[in-house]
Amino acid sequence: MDNRILFISLASGSSGNCYFLGSQDFGFLIDVGIPFRTIRKKLNECKIPLESVKAVFITHNHWDHIKSIESFSSVLHLPVYALTSVKRAICSHKCLSKIVPGEIKDLELNSPIPLEDYILTPFLVPHDSEGNCGYTIEFRERRFTLATDVGSPTEELKNLIPQSDFLVIEANHDEVMLNNGPYPPELKERVRSDKGHLSNKAVAELLDEYVTDRLTRIFLCHLSDKNNTPDLAYKTVVHTMKKQISVTILDRKETIKFTLC
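Note that the coordinates shown come from a computational prediction; the quantities given were computed from them, not determined experimentally.

Cut-off values and rules
- All residue numbers refer to positions counted from 1 along the written sequence of the respective chain.
- Note on the predicted model: pLDDT of at least 70 is required for a residue's local features to be given, and 80 or more for side-chain atom pairs to be given and counted; whole-chain, interface and lining totals, by contrast, use all residues.
- Excluded from the side-chain calculations are hydrogens and water; all other atoms, namely the structure's heavy atoms, are used.
- The buried label goes to any residue with under 20% of its type's maximum accessible area, the exposed label to any with over 50%, and the partly exposed label to all in between, with areas taken from a 1.4 Å probe on protein chains only.
- The helix and strand labels rest on DSSP assignments: H or I over at least four residues marks a helix, E over at least two residues marks a strand, and numbering proceeds from the N terminus.
- Here a strand pair is declared whenever DSSP counts at least two bridges between the two strands.
- With the strands pointing away from the viewer, any crossover whose connection runs clockwise from the first strand over the helix to the second is right-handed.
- For Phe, Tyr and Trp, where Trp contributes only its six-membered ring, two rings pair if their centres lie within 6.5 Å, and the inter-plane angle classes them as stacked under 30 degrees, edge-to-face over 60, or tilted in between.
- Working convention: axes come from line fits to C-alpha atoms, limited for helices to the stretch in contact. Angles between N-to-C directions cover 0 to 180 degrees.
- Only heavy atoms enter the contact rule, under which two residues are in contact if any of them lie within 4.5 Å.

Engineer: Residues and numbers for the pairing of strand 3 (residues 27–32), please.
Structural biologist: Counting buried residues along strand 3, six of its six residues qualify, which places the element largely inside the surrounding structure. For strand 2 (residues 18–22) and strand 3, the ladder comprises five bridges, and the chain directions are antiparallel. Each residue of the ladder has a partner; that of Phe 20, found in strand 3, is Leu 29. Taken together, strand 3, helix 1 (residues 36–45) and strand 4 (residues 53–57) constitute a β-α-β crossover, and its handedness is right-handed.

Engineer: Hey, could you go over the packing of aromatic side chains for me, with residue numbers and the actual values?
Structural biologist: Counted by the stated rule, this structure contains 11 aromatic pairs. Members of the aromatic cluster, each reached through a chain of ring pairs, are Phe 26, Phe 28, Phe 57, Tyr 81, Tyr 118, Tyr 135 and Phe 139.

Engineer: Describe the sheet that holds strand 6 (residues 104–107), and please don't skip the residues or the numbers.
Structural biologist: Pairing within the open sheet is mixed, and its seven strands lie in the order 6-5-4-3-2-1-14. Two strands bound the open sheet, and with one partner strand each, they are strand 6 and strand 14 (256–259). The sheet shows a mean angle of 20° between the axes of neighbouring strands, taken without regard to direction. Judged from the four bridges that link them, strand 5 (residues 80–83) and strand 6 form a sheet pairing that is parallel. From the neighbouring strand, Val 80 faces strand 6, where its bridge partner is Ile 104. Each of strand 1 (6–11), strand 2, strand 3 and strand 4 is contacted by helix 1, which is oriented at about 140° to strand 1, the strand it contacts most.

Engineer: Describe the sheet that holds strand 9 (residues 133–139), naming the residues involved and giving the relevant values.
Structural biologist: Taking strand neighbours across the sheet as the criterion, the seven strands line up as 7-8-9-10-11-12-13 in an open arrangement whose pairing is mixed. Of all the strands in the sheet, the pair left with one neighbour each is strand 7 (113–115) and strand 13 (246–249). With direction set aside, neighbouring strand axes in the sheet form an average angle of 20°. Pairing geometry for strand 9 and strand 10 (residues 142–147), over five bridges, is antiparallel. Residue pairing in the sheet places Ile 137 in a bridge with Phe 144 of strand 10. Taken strand by strand, helix 9 (residues 230–240) contacts strand 12 (217–221) and strand 13, and its axis lies near 160° from that of strand 13.

As structure tokens, this is what we get:
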């Protein structure tokens, strides 16, 4: 059996988010915001059997991150992990009537969770939801950090970036496109607030200041389809960072697979 550690982006954006980390025989999902059948199909195309998924970790309770949570918890009976505040919001969601509190395991911020050869630790990420977290994941002497829906960079995130080998981080919008775009004023204000989403410029400046030679690859996630383009996000980050680090744009719907080690 192939024991390489893979990172697979199944979808990334406001229409749905889902990521796989693991090998062909053992792994887990971070967020399940796309249809269950789509998740199964995309994993099969990457030669990852659905049976290899042993757990699901949720960042927050917005629909584009939890759409298929019933299928994994109530049908497949896989352990689903979420912060207590996120769990409470999920269980009260009117579209998730089959979810019961006992099917979701409570996470505490900064408390490590061992899962086979992985150690996952949730950390606080500011966003306008009932709790929101990113994850830092340790395996094979490497560290993988994921931070999506980031209203503003915290000191904790700033400390995690130079300690990471791989980083998935939001580059949601271009500031000019947002200002001139179709969103109503209140939605524009929500996006640019410190509990909204990171702009290309904000994440570029953050990375320029905090990346080190340890970081080998950056994945830019959760790009807006109306207020951003992959080319804009890529150029803003690459042209701002002084260090030359490989940058990959995670597509909204296209599956992207990368071998970590």
